[in-house]
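# Overview (structure and organization)
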Amino acid sequence: MVSTLEEDLELKSSAVKFLEIFATRTYELANISPDIVQSLQITSGDWGTVGFTFIIHYTVDGVPQVAKQVVDSINLIDLSITFRVTEGDLLDVYNSFKRTVKVTPNIPSGSVVHWTFEYEKLSNDTPDPTSLMEAVIQLSKDVDAYVSNLI
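Definitions and limits used
All residue numbers refer to position in the chain's written sequence, counted from 1. Local features in this predicted model are restricted to residues whose pLDDT is 70 or higher, and side-chain atom pairs enter the listing and the counts only when it is 80 or higher, whereas totals over whole chains, interfaces and linings include all residues. Processing note: side-chain calculations cover all non-hydrogen atoms of the structure and skip hydrogens and water entirely. Helix and strand definitions follow DSSP, with helices as H or I runs of at least four residues and strands as E runs of at least two, each counted in order from the N terminus. Put simply, the radius of gyration uses C-alpha atoms, and a globule should come to 2.2 Å times the residue count raised to 0.38. Burial classes: relative accessible area under 20% of the type maximum marks a residue as buried, over 50% as exposed, and values in between as partly exposed (1.4 Å probe, protein chains only). Only residues whose relative accessible area exceeds 30% and that form no salt bridge are eligible for patches; like-charged ones are grouped when within 9 Å, while nonpolar side chains (Val, Leu, Ile, Met, Phe, Trp, Tyr) are grouped when within 5 Å. Note on areas: Shrake-Rupley with a 1.4 Å probe; residue coverage comes only from the protein chains shown. By definition here, a salt bridge exists when the distance from a side-chain nitrogen of Lys or Arg to a carboxyl oxygen of Asp or Glu is within 4 Å. We count Lys and Arg on the positive side and Asp and Glu on the negative side, and we leave His and both chain ends out. Where a charge lies is defined by one atom per residue type: Lys uses NZ, Arg uses CZ, Asp uses CG and Glu uses CD. Aromatic rings from Phe, Tyr and Trp, taking only the six-membered ring of Trp, are treated as a pair when their centres fall within 6.5 Å; an angle between ring planes under 30 degrees marks them as stacked, one over 60 as edge-to-face, and anything in between as tilted. Both a distance and an angle decide whether a charge sits over a ring: NZ of Lys or CZ of Arg must be within 6 Å of the ring centre and within 35 degrees of the ring normal. Buried residues of nine kinds, namely Ala, Val, Leu, Ile, Met, Phe, Trp, Tyr and Cys, make up a nonpolar core once their side-chain atoms join them within 4.5 Å. Strands qualify as paired when DSSP identifies two bridges or more between them. Lines fitted to C-alpha atoms define the axes here, with helix axes fitted over just the stretch in contact, and angles between the N-to-C directions of these axes take values from 0 to 180 degrees. Only heavy atoms matter for contacts: two residues are in contact if any of them lie within 4.5 Å across the pair.

### A look at the overall build of the protein
On a plain count of helices and strands, the protein comes out with four helices and seven strands. Element order for the protein, N to C, with α for helix and β for strand: β-α-α-β-β-β-β-α-β-β-α. At 15 Å, the protein has a C-alpha radius of gyration in line with the 15 Å of a compact globule built from 151 residues. In terms of its C-alpha atoms, the protein occupies a principal-axis envelope of roughly 45 × 30 × 30 Å. Sorting the 151 residues of the protein into buried and exposed places 43% on the buried side.

Put into structure tokens, the structure is as follows:
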């Protein structure tokens, strides 16, 4: 059975500038938030295109982890991106794992980011990925601060 975990965060930055980091400048995450993301390396495709695959080394709750992810969709009208984990530590805990980032402009300024995790637990005892969501929210705060300073 597929479960979901969702979280919203208000941002100071524009929706387009925030999403651009995750769509075409994903490699910058290691510089923006080095406590969470240690490195990213593209393994196939091109940054910012559907189907690009990358390996990310990251830390959650002080534990180093790795994931190979593919970008399943980039929707510039809806301002969303979906990433699917194809290999790595998350698949030791979940049968499948996808994360979607959707950013909505917030009038008069800023935007709201909505993160959705879709995952299938290996068993009923498998915990929800709340620590990972907390790390992604912190990463979003770091990206927001970085993008806001560029304006």
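### Thoughts on a negative patch on the surface
A contiguous patch of negative charge, built from Glu6, Glu7, Asp8, Glu10, Asp61, Glu118 and Glu134, is present on the exposed surface. Here the negative patch gets four residues from one element, more than from any other, and that element is strand 1 (residues 2-11). Here Glu6 lies in strand 1. Glu6 sits in the partly exposed class, given a relative accessible area of 46%.

### Details of the pattern of salt bridges
For the structure on display, the rule yields six salt bridges. The partner of Asp78 in a salt bridge is Lys102, with the nearest N and O atoms 2.7 Å apart. Here Lys102 lies in strand 6 (residues 94-105) and Asp78 lies in the loop between strand 4 (63-75) and strand 5 (80-88), a separation of 24 residues in the sequence. With relative accessibility at 31%, the residue Asp78 sits in the partly exposed group. Classification of Lys102 as partly exposed rests on a relative accessible area of 29%.

### Remarks on the packing of aromatic side chains
All told, the structure shown has 11 aromatic pairs when counted by the stated rule. Ring centres of Phe97 and Tyr119 lie 6.0 Å apart, and the angle between their planes is 20°; on these two criteria the pair is classed as stacked. Taken together, the residues span a long stretch of sequence, with Phe97 in strand 6 and Tyr119 in strand 7 (residues 111-121) at a distance of 22 residues. In this structure Phe97 comes out as buried when scored by relative accessible area, which is 2%. Grouped by ring-pair contacts, the aromatic residues Tyr27, Trp47, Phe52, Phe54 and Phe83 constitute a single cluster. In this structure, Arg99 packs its charged tip against the face of Phe83, placed 4.1 Å from the ring centre.

### Here we look at the nonpolar core
The biggest cluster of nonpolar side chains holds 43 residues, and the ones touching the most others in it are Phe22, Val101 and Val143. Ranked by residue count, the leading element in this core is helix 4 (residues 130-150), at eight residues.

### Focus on the sheet that holds strand 7
In space, the seven strands of this open sheet follow the order 1-7-6-5-4-3-2, with antiparallel pairing throughout. Strands at the two margins of the open sheet, each flanked by one partner only, are strand 1 and strand 2 (37-44). Each neighbouring strand pair of the sheet contributes to a mean axis angle of 25°, computed without reference to strand direction. Summarising the sheet, strand 4 and strand 5 pair through eight bridges and their orientation is antiparallel. The partner of Gln69 across the bridge, within strand 5, is Val85. Across the sheet, helix 1 (residues 15-23) is in contact with strand 1, strand 5, strand 6 and strand 7; its angle to strand 6 comes to roughly 150°.

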